[in-house]
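Chain by chain, the residues:
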Amino acid sequence: MKLDINELLELEKDVKSVLDDNLERIIINLNASDNLGVFLEMIGMSGYLNSKKNAYSDGTIIVIGQSDISKDKIIGVAKEFGLAKDRFEFYLEYEDAKTANLRKTQWSSNYSCILVGPMPHSGETKGDFSSIITELENADGYPPVVRMGKNGLKISKTSFREAVKCVLDKGIVTV
């Protein structure tokens, strides 16, 4: 369906009103859903993202889930990649994941990503989703989530090392 000139002018007025009132929220949602690039291309700003690094890449990295290795060993692996221990927030016991309030990471520029291992399905952050991880992966505004482990969730030296390498390679995290 094509609009006539009067309908287009009316639409323009309505869109401007919506953008004036909601532009910040719209841009955040476009970014969270990986559609910001398409939007910027449509408005003639496609080069903008290429000139920016990931705005949250120097934030805190959450490691959550039952760990097979100690926090000190995880920090040791992180140091191999040049990441300081103060970049991390740990919830390494099964029950910690249940009570951790990860909603603080939603719409926050303080967090780069969430590295997840084995955890309960239900918990503080589950909301209306089937599990905590499903909420983190599918609700708008959360930082990127990386599942650790190849055949099921697992936090080991190898799975943590692979997850850190992944987020560094993708530019989700910077040193």
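Note that the structure is predicted; figures quoted are calculated from it, not measured. (Residues numbered from 1 in each chain as written. Predicted model: local features only at pLDDT ≥ 70, side-chain atom pairs only at ≥ 80, totals over all residues. Heavy atoms only, no water.)

Enquirer: Help me understand helix α6 (residues 157-169), please; the structure alone is not making it clear to me.
Expert: Three- or four-residue spacings in an α-helix give side chains the same orientation, since the helix completes a turn every 3.6 residues. End to end, α6 covers 18 Å across 13 residues, agreeing with the expected 18 Å (1.5 Å per residue, within 8%). Within the span of α6, buried status applies to Ser159, Phe160, Ala163, Val164 and Val167. All buried residues of α6 fall inside an arc of 135° around its axis, so they share one side. The inward-facing, buried residues of α6 contact β1 (60-64), α3 (71-80), β2 (88-91), β3 (111-116) and β4 (145-147). Two residues or fewer after α6 comes Gly171, characterised by a positive phi angle close to 80°. (Helix = DSSP H or I, 4+ residues; strand = E, 2+ residues; numbered from the N terminus. Expected span 1.5 Å × (residues − 1). Buried < 20%, exposed > 50% of the residue type's maximum accessible area, 1.4 Å probe, protein only. Arc of directions from axis to C-beta. Contact = heavy atoms within 4.5 Å.)

Enquirer: I tried to follow a nonpolar patch on the surface on my own but got confused; where do I start?
Expert: Together, Met1, Leu3, Ile5, Leu8, Leu9, Leu11, Val15, Leu19, Leu23 and Ile27 give the surface a local cluster of nonpolar side chains, amounting to about 910 Å² of exposed area. As for its position among the elements, Ile5 is in helix α1 (residues 5-32). Its relative accessible area of 58% is what places Ile5 among the exposed residues. (Patch = residues over 30% accessible without salt bridge, like charges linked within 9 Å, V, L, I, M, F, W, Y side chains within 5 Å. Areas by Shrake-Rupley, 256 points an atom, 1.4 Å probe, with all protein chains shown as cover. Salt bridge = Lys/Arg side-chain N within 4 Å of Asp/Glu carboxyl O.)

Enquirer: What's the story with the pattern of salt bridges in this structure? I'm lost.
Expert: Note on pairing: side chains with opposite charge can pair once their charged atoms come close. For the structure on display, the rule yields ten salt bridges. Across the salt bridge formed by Lys16 and Glu12, the nearest N and O atoms sit 3.4 Å from each other. Taken as a pair, Lys16 and Glu12 lie in helix α1 at a separation of four residues, close to a single helical turn. Here Arg147 and Glu137 are joined by a salt bridge, their closest N and O atoms 2.8 Å apart. Note that Arg147 is positioned in strand β4 and Glu137 in helix α5 (residues 132-138), a separation of ten residues in sequence. For Arg147, a relative accessible area of 44% puts it in the partly exposed group.

Enquirer: Please explain the side chain of Ser67 as it appears in this structure.
Expert: Within the secondary structure, Ser67 is located in the loop between β1 and α3. Once you skip the residues sitting within four places of it in the chain, Ser67 turns out to touch Ile74, Leu92 and Ile155.

Enquirer: What should I look at first to understand the packing of aromatic side chains in this one?
Expert: The geometry of an aromatic ring pair is captured by the separation of the ring centres together with the interplanar angle, meaning the angle of the planes. Tallied over the full model, the rule gives two aromatic pairs. Seen in terms of ring centroids, Phe88 and Phe90 are 5.7 Å apart; in terms of plane orientation they differ by 15°. Their pairing is stacked. Taken together, a centroid distance of 6.1 Å and an interplanar angle of 55° make the contact between Phe88 and Phe160 tilted. Residue Phe88 is located in strand β2, and its partner Phe160 is located in helix α6; the two are separated by 72 residues in the primary sequence. (Phe/Tyr/Trp six-rings, centres within 6.5 Å; stacked < 30°, edge-to-face > 60°.)

Enquirer: What's the story with α3 in this structure? I'm lost.
Expert: Turning to α3, its buried residues are Ile74, Ile75, Val77 and Ala78. One face of α3 carries all of its buried residues, which in axial projection span an arc of 160°. Along α3, the residues that are exposed and aim more than 90 degrees away from the buried face are Asp72, Lys79 and Glu80. Against β2 and α6 lie the buried residues of α3.

Enquirer: Sorry if this is basic, but what is going on with the environment of Gln106 here?
Expert: By the element assignment, Gln106 lies in the loop between α4 (94-99) and β3. C-alpha separation for the pair Gln106 and Ala139, spaced 33 residues apart in sequence, amounts to 8.9 Å. Excluding residues that lie within four positions of it along the chain, Gln106 makes contacts with Ala139, Asp140, Gly141 and Tyr142.

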